[in-house]
Amino acid sequence: MNISALAPTLAQTYGTPLYVYDFDGITTRFNQLKNAFRARKSIIAYAVKANSNLSTLAHMAKLGAGADCVSIGEVKRALLAGIPKYQIIFSGVGKQDEEIRQALEADILFINIESEAEMYRIEQVAQSMGKVARLSVRVNPNIDAKTHPYISTGLQENKFGVDIETAKRIYLYIKNSPVLEPVGIHFHIGSQLTQLEPIREAAVIVANLVRTLQAVKIELKFFDIGGGIGVVYSDETTIDPVEYAQAILSTMMGLDMTIICEPGRYIVANNGYLLTRVLYEKMSGARRFVVIDGAMNDLLRPSLYKAYHRIEAVERAGEPTNADVVGPVCESGDFLGKNVPLPPMQHNDILVVHSAGAYGFSMASNYNTRGRAAEVAIEGDAHRLIRARESFEDMIANESKYL
Ligand code: LLP
C-alpha cells in the first residue's frame, strides 16, 4: 500500500488527524509468524492492547488469530469480533473479582496469573460459581530484555510475574485445588525486543521449569512465550520470525505442548499511519516549529518514551530544514517529532506519521477535550471508516453539570 499517494484522498474524505491501517499488510505479518511456527501446534494470540479496534480484531479473527487480553473489556471486544473463546487468554497483574467472574463465565482458554494472592482470589470466585478455572502462571525469568525500561518486564525489579520458586509453589497448590486446573506456563520479558538471546535464555529457564513440574505429575499443555518482537521504526535490526521460532522450539525438546505467541506490535505497528495537517509554522529564536492538528493525545509514544516515528511531508518538495513537529496540547512534552527534516510547509499540508499502528490509537485520550481521531482500514483498493471521529457530545456523554 502506498500511503504517500493515498494520503491526500484519505485526509480529504475523512478529515485529520486520522489513523489509517493497511489490513493486507497485517495479513502478511500475521502469516509470517504463523508459518514460522508451523512445525508445532500454535496459537497466535494477538495482543489486543496494541490496536483494539473491532474491525482490526475481526480481521484477526478471519486470519485465525486468538487474543491476548488484559482486561475484561478486551475479552469482550475479542468475543464480539468473532475470536473463538478457546483461543482467548486473559493476562495482567491486577484483575478485579468481577473480571475474573466474567472470564470464567465466558469460558475462555485460560487465565494467566501473576501472584499467589491472585490465585486465591480466582479460587474463591471459581468456588462460588461452581466452576473450574484453567490457569497459567506468568514466570519472571529475571532476564534483562535490553529494551526501554518502561517496556521491559522480565527483571525481578518489574511488577510482572512470579519467580521460579513461587511458581512451583503455585503450581502445586493449583494441582491440589478441586476448582483450579494448571494448563499453561507464560513468560514475557519486554516489548520492542531486538535481540533474540534474552528471549532464548528466558525460554530455556521456563522449559526447564516445565520439566521439573512434569516430575511431580503436573502436565501443562500451553507454552506461552508472550509477545515483544520488535519492529523497525528507524534503523533497528530486528528479529527474524523464523529464527525466533527456531530459538524457542530448540528449548522445548521432548515437550509436547502447544505454543502460544502474543504479538501486538509486530503485526500492526508498521501497518498503521497517523495522518495530520499542518496548521502553521512558527520560529522561536532560531528554532523552527511546525504546528499540526495531531498531538500527544492522539499518539503518546514520542512524549512518553521519546519514541521515534518517521514523519513525511507527502505533497511538498523543497529544501528541508530541521523542525520540531508539535501539537496544540498545552504541554512542552507535546511533540510527535524533534529535529525532523521538513521542507517549508503551508497551512493544510499533510504529514504522514509512520509506524503508528501499534499503541497509537489504543493509547489515545481526550486530554484538552480533544476528540479522538477517526480510524480507517484499507483492504485491496477499498478504504472504509472503522471508527468515527469522536464528537464533543461523545466526550461529555457520561458527565453531568448537576453532580
Ligand atoms: N504479552 C504481554 C504479556 C504483554 O505485556 C505485551 C505488551 C504483549 C504481549 C504485546 O507486546 P508486543 O508484541 O506488542 O511488543 N505502550 C508501549 C508498549 C507496551 C507493551 C505492554 N505489553 C509502547 O508503545 O511501546
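(A) Up close: the layout of surface pockets. Considering only enclosed or pocket space, the largest pocket measures out at about 850 Å³ in volume. If you go around the largest pocket, you meet 43 residues; those closest to its centre are Ala47, Lys49, Val70, Tyr359 and Met363. Listed by contribution, the elements that provide at least two residues to the lining of the largest pocket are α10 (265-268), α11 (301-305) and β17 (382-387). Residue composition of the lining of the largest pocket, grouped by class: 17 nonpolar, 14 polar and twelve charged. Both domains that furnish three or more residues to the lining of the largest pocket are identified here as domain 1 (3-18 + 270-390) and domain 2 (91-263).

(B) Main features of the nonpolar core. Of all hydrophobic cores here, the largest spans 102 residues; its most connected members are Phe37, Ile185, Phe223, Tyr244, Ile248 and Leu351. Examining the composition of this core, we find that eight residues originate from one element, helix α8 (residues 196-215), more than from any other. Not counting chain neighbours up to four residues away, the residues in contact with phenylalanine 37 comprise Ser42, Ile44, Ile225, Tyr244, Ala245, Ile248, Ile259 and Cys261. Within the second largest apolar cluster, 15 residues are counted, among which are Ala7, Leu18, Leu275 and Val376.

(C) Structural context of helix α3 (residues 54-63). If you check which residues of α3 are buried, you get Ser55, Thr56, Leu57, His59 and Met60. Regarding α3, its N-cap is asparagine 53, as a side-chain oxygen of that residue lies 2.7 Å from the backbone nitrogen of serine 55 further along.

(D) How the structure looks around the packing of helix α2 (residues 23-36) against helix α9 (residues 241-250). For the pair α2 and α9, interaxial distance at closest approach is 8 Å and the crossing angle is 30°. As for the relative orientation of α2 and α9, their crossing is right-handed in sense. Across the interface between the two elements, Gln32, Leu33 and Ala36 from α2 touch Pro241, Val242, Tyr244 and Ala245 from α9. For the contact of α2 with α9, the class distribution of residues is six nonpolar, one polar and no charged.

(E) Quick look at the site of the ligand. Neighbouring the ligand are 19 residues, the closest being Ser191, Glu262, Arg301, Tyr305 and Tyr359. Between an oxygen atom of the ligand and a main-chain N or O atom of glycine 228, the distance comes to 2.8 Å. Side-chain polar atom of glutamate 262 to a nitrogen atom of the ligand: 2.5 Å apart, as the coordinates give it. Here the ligand, which alone exposes 590 Å², has 91% of that area covered by the protein. Mapping the ligand onto the cavity grids shows that it belongs to the largest pocket.

Definitions and cut-offs
- Residues numbered from 1 in each chain as written.
- Predicted model: local features only at pLDDT ≥ 70, side-chain atom pairs only at ≥ 80, totals over all residues.
- Heavy atoms only, no water.
- 1 Å grid on protein atoms, 1.4 Å probe; cavity = no way out; pocket = protein on both sides within 12 Å on 5 of 7 lines; lining within 4 Å.
- Points joined across faces, edges and corners; volume = space filled by probe spheres on them.
- Helix = DSSP H or I, 4+ residues; strand = E, 2+ residues; numbered from the N terminus.
- Nonpolar A, V, L, I, M, F, W, Y, C, P; charged D, E, K, R; others polar.
- Domains from an automatic or database assignment.
- Core = buried A, V, L, I, M, F, W, Y, C linked by side-chain atoms within 4.5 Å.
- Buried < 20%, exposed > 50% of the residue type's maximum accessible area, 1.4 Å probe, protein only.
- Contact = heavy atoms within 4.5 Å.
- Polar contact = N/O pair within 3.5 Å; in protein donor to acceptor, adjacent residues only side chain to side chain.
- Axes fitted to C-alpha atoms, helices over the stretch in contact; angles between N-to-C directions.
- Left-handed = near helix turned anticlockwise from the far one by under 90°.
- Near = heavy atom within 4 Å.
- Areas by Shrake-Rupley, 256 points an atom, 1.4 Å probe, with all protein chains shown as cover.
- Sits in = over half its atoms within 2 Å of the grid points.

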